[in-house]
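Structural characterization, general
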Amino acid sequence: MQWPTFNVRPYVCGGIGHLDEAVLETLRRAGPRVTPALRAAGASLCSSSPLPPYQRDALTCAFAWGERVPTEAAPWIGVAENFETPGLIDDGKRVTLHAGGLGLVDVYYLFRGGAVYFSSLLEPLLSLARRPYEINWDAWASIIQLTFPLRDDTPYAQVKRMGGSSALIFDRATGRISTERRLPRWLREEPYEAGRTAGEILEILHEVYKEFDGRPLLVPVSGGYDSRLLCSVAVARGADVESWTTSPDDGTDTDITFARAITRELGVRHRVITQDASAYPDDALDVARRLEFLTPHHAWYTPFSREVHKAGRTLVDGLAGGPLLKNFMISGAALEASSQAERKAALLGSLTLGAPSAPFLSERASAWITDSVEDAFTQSTSMFNGHRAELPLSVLHTRTARGIARSPVNLVGPEVSFAAPFIHPDFFDAALSVGVARKDKGRFYREILHAANPRVAALPSTNVVKQPLQRVPLRSTAAPAREYGHRMLTRVAAAVPSLLSDQLHVVIAEGPDALARFNGWNDRFWVRSLVLFGAWLGDYEDRLPELTPPWL
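The present account deals with the structure reproduced in this document. By convention here, each chain's residues receive numbers from 1 onward along its written sequence. With the structure being a predicted model, the display of local features is reserved for residues of pLDDT at least 70 and the display and counting of side-chain atom pairs for 80 or more, all residues being used for whole-chain, interface and lining totals. Side-chain measures were taken over the full set of non-hydrogen atoms in the model, leaving aside hydrogen atoms and water.

1. Remarks on the overall build of the protein
Strands here are runs of E lasting at least two residues and helices are runs of H or I lasting at least four, both read from the DSSP assignment and numbered beginning at the N terminus. Looking only at helices and strands, the protein features 22 helices and 17 strands. The reference for a compact globule is 2.2 Å times residues^0.38; the radius of gyration itself is calculated from the C-alpha atoms. What you see for the protein is a C-alpha radius of gyration of 23 Å, in line with the 24 Å of a compact globule of 552 residues. Within the span of the protein, comprising 552 residues, buried residues form 59% of the whole. We call two residues contacting when some pair of their heavy atoms lies within 4.5 Å. The long-range share in the protein, meaning contacts at least 24 apart out of those at least 6 apart in sequence, stands at 74%. Side chains of the protein carry 59 positive and 62 negative charges; the gap between the two charge centres is 2 Å. The cut-offs for exposure are 20% and 50% of the maximum accessible area for each residue type, with area from a 1.4 Å probe on protein chains only; residues under the lower value are buried, those over the upper are exposed, and the others partly exposed. When charges are counted, Lys and Arg contribute as positive and Asp and Glu as negative, whereas His and the chain ends are disregarded. Charge coordinates come from a single atom per side chain, which is NZ of Lys, CZ of Arg, CG of Asp or CD of Glu.

And the structure:
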């Protein structure tokens, strides 16, 4: 296994509870090389690089391993929500392992023999799991239909992922481990509509940027709103800025055309990272393995991230800008719903892959997957019911945290630093306080852009352009991708034939070039999800049980 290089965020592993030293040693040997950061009764923490505690006194020892870490003691939920970092706190009486507020930085865990063992990576924990691995079909239902898992699901029933604003706590007095889920700040202190203007939001963003003063910045610019706003603010503050753009492999490359105009207007050095269709199979498999088969997204981002690792700059990412500022993934039906059930169904409909040109799944598999995803989504978003920002928060805690955040968190990081200004607590709370009606159709966002730089705001945007300026070949449907995809789909068809529709079985039997018919937007995403499943089957086939899916 080739691990990421943990330069700016360490790899950690360890355990809490009634620990077995032999099990801990197995875990330590299964991942990147680590050294002890904490060893106490009922607590073990190891790190790939020196990890000094942010608090150490006679009673407490507290650690955090995100990019932003506290400098003084605070309750675990305060550390999680204000710094978006996981951590471990030993106060003498209790040992608390916690995730970040949104849970952007991965913490995986496994219960075994009265203890919880944890790791930044999923794969090392599999060394502690029973063989053959028990498949979590609910996780795969969500990955296939939504492109990301929900709840604390991973593809393995024994291994879980800590959700945002959650903690596992070992009480030394009782000897028990409990789960604690807290309402994050944005739910405890429901942000009311304060009538903030676009100018006030922009001022807050400038304040957030002060944390990056003196750093050379890399602000990727596409054709959309988020990146041009972040680049405009960086330039206005006199930062040392470069901007790069790559093809999102959408068949138009409008992003590249628009980014050139934006960076030219801002006077920023601009570079286009090219992509090679012949490298797509390797890129797709590399990113699948690096993201541990949890999402089919980001193959297009892989060549870009490799170059970022060599740039020597902090990457500024627009993570969460869409849901916070322009109602991204929130349909008119969700805004106009007259009941909780209607609103949730409309939002799930926006997040779910659209109908393909022909059925990809069998009727039985499709029905079971749909029910599974509905149940998981209802559970994952129930804490937002009735909240005035229910819709954007539901997107942020599901799609953003589990799918989209993987590019800055797991592809740019942990090799190099990234900054996500939109999730800074001050900006996050202010943006969330603006009602969804004011943000509808991007109106409020355009006001912010105009306040930041009216000339850049006036340039064309991929957020509003309806027709492409040109058509370009897709890497993900070119001959190398079709051959790779066909091999993966053939594996799925052989291993789990009941998953696929008769129509898709026929297409697969015709050979790689038959996949050329699947060049529509929805078709491409369905293919990627099923190809990811096939790649996972190939890597783990000798460690999986006989595949008997739950819809049979």
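Following the structure, the description resumes.
2. Description of unusual backbone geometry
Look at the link from R131 to P132: it is a cis peptide, with omega at -5°. Here P132 shows up in the loop between β9 (115-119) and α3 (137-146). A cis amide bond links G413 to the next residue, P414, at an omega of 5°. Summarising the element assignment, P414 is placed in the loop between α15 (406-412) and β17 (418-419). In this model, N327 sits at a positive phi of 55°, which is unusual for a non-glycine residue. For N327, the location among the structural elements is in the loop between α10 (321-325) and α11 (332-336). If you check the backbone angles, M329 has positive phi at about 70° while not being a glycine.

3. Looking at the state of the cysteines
Disulfides are defined as cysteine sulfur pairs within 2.5 Å. Applying the stated criterion across every chain yields a total of 0 disulfides. C13 supplies the cysteine sulfur nearest to C46, a cysteine that is in no disulfide, at a spacing of 5.1 Å. For C46, a relative accessible area of 3% corresponds to the buried category.

4. Observations regarding the environment of M488
For M488, the location among the structural elements is in helix α20 (residues 479-495). In this structure M488 comes out as buried when scored by relative accessible area, which is 4%. In sequence terms M488 and L500 are 12 residues apart; their C-alpha atoms lie 13 Å from each other. The contacts of M488, once residues within four sequence positions are left out, are V531, G534 and A535.

5. What to know about the pairing of strand β7 (residues 94-98)
Buried residues dominate β7, accounting for 4 of its 5 residues. Looking at chain direction, strand β6 (residues 87-90) and β7 are connected through 4 bridges and run antiparallel. Note on β7: the bridge partner recorded for D90 is V95. Should DSSP find at least two bridges between two strands, the strands are taken to pair. Bridge count between β7 and strand β11 (residues 166-171): 5 bridges; the pairing is antiparallel. Across the sheet, residue V95 finds its bridge partner in β11, namely F170.

6. Comments concerning the sheet that holds strand β15 (residues 269-273)
In space, the 5 strands of this open sheet follow the order β15-β14-β13-β16-β17, with parallel pairing throughout. Two strands close off the open sheet at either side, each with one partner strand: β15 and β17. Where strand β14 (residues 241-246) and β15 come together, 5 bridges link them in parallel fashion. Across the sheet, the residue bridging to T246 is I273, located in β15.

7. Considering the environment of R68
Mapped onto the elements of the fold, R68 is located in the loop between β5 (61-64) and α2 (76-83). In this structure R68 comes out as partly exposed when scored by relative accessible area, which is 28%. For R68 and A367, which are 299 residues apart along the polypeptide, the C-alpha to C-alpha distance reads 43 Å. With residues up to four places along the chain from it excluded, the contact list for R68 reads N82, F83, T85, E211, H424 and P425. Any pair of N or O atoms that falls within 3.5 Å is considered a polar contact. Within protein, one atom must be able to donate a hydrogen and the other to accept it, and sequence-neighbouring residues count only if both atoms are side-chain atoms. Of note is the side chain of R68, whose polar atom sits 2.8 Å from the backbone oxygen of N82.

8. So, helix α5 (residues 198-209)
Expected helix span is computed as 1.5 Å times (number of residues minus one). In this model α5 runs 17 Å from its N-terminal to its C-terminal C-alpha over 12 residues, within 8% of the 16 Å that 1.5 Å per residue would give. Inspection of α5 places A198, I201, L202, I204, L205, V208 and Y209 among the buried residues, and these make up the whole buried set. Buried residues in α5, looked at end-on, bunch into an arc of 160°, giving them a common side. Buried-residue contacts for α5 involve β13 (217-218), α6 (225-236), β16 (314-316), α16 (425-433) and α18 (443-452). An arc is given here, and it is the one of the directions from the helix axis to the C-beta atoms.

9. Digging into the nonpolar core
Within the largest apolar cluster, 151 residues are counted, with the highest numbers of intra-cluster contacts made by L499 and W536. The element contributing the most residues to this core is helix α22 (residues 521-540), with 11 residues. The residues touching L499, leaving out its near neighbours within four places in the chain, are I144, F360, L361, S362, A365, I369, V492, L530, F533 and W551. If you look at the next biggest cluster of nonpolar residues, it comprises 20 residues, including I16, L38, C61 and M162. Here, nonpolar core means buried Ala, Val, Leu, Ile, Met, Phe, Trp, Tyr and Cys residues that are tied together by side-chain atoms lying within 4.5 Å of each other.

10. A closer look at the pairing of strand β3 (residues 43-47)
Burial runs high along β3: 5 of the 5 residues are buried. The side-chain alternation of β3 yields two buried faces, one formed by A43, L45 and S47 and the other by S44 and C46. The pairing of strand β1 (residues 12-17) with β3 spans 5 bridges and is classified as antiparallel. From the neighbouring strand, V12 faces β3, where its bridge partner is S47. Inspection of the sheet shows strand β2 (residues 35-40) paired to β3 by 5 bridges, in the antiparallel sense. Across the sheet, T35 pairs through a bridge with S47, a residue of β3. Linking two consecutive strands that pair antiparallel, namely β2 and β3, is a turn of 2 residues; a positive phi of about 80° is found at G42 within it.

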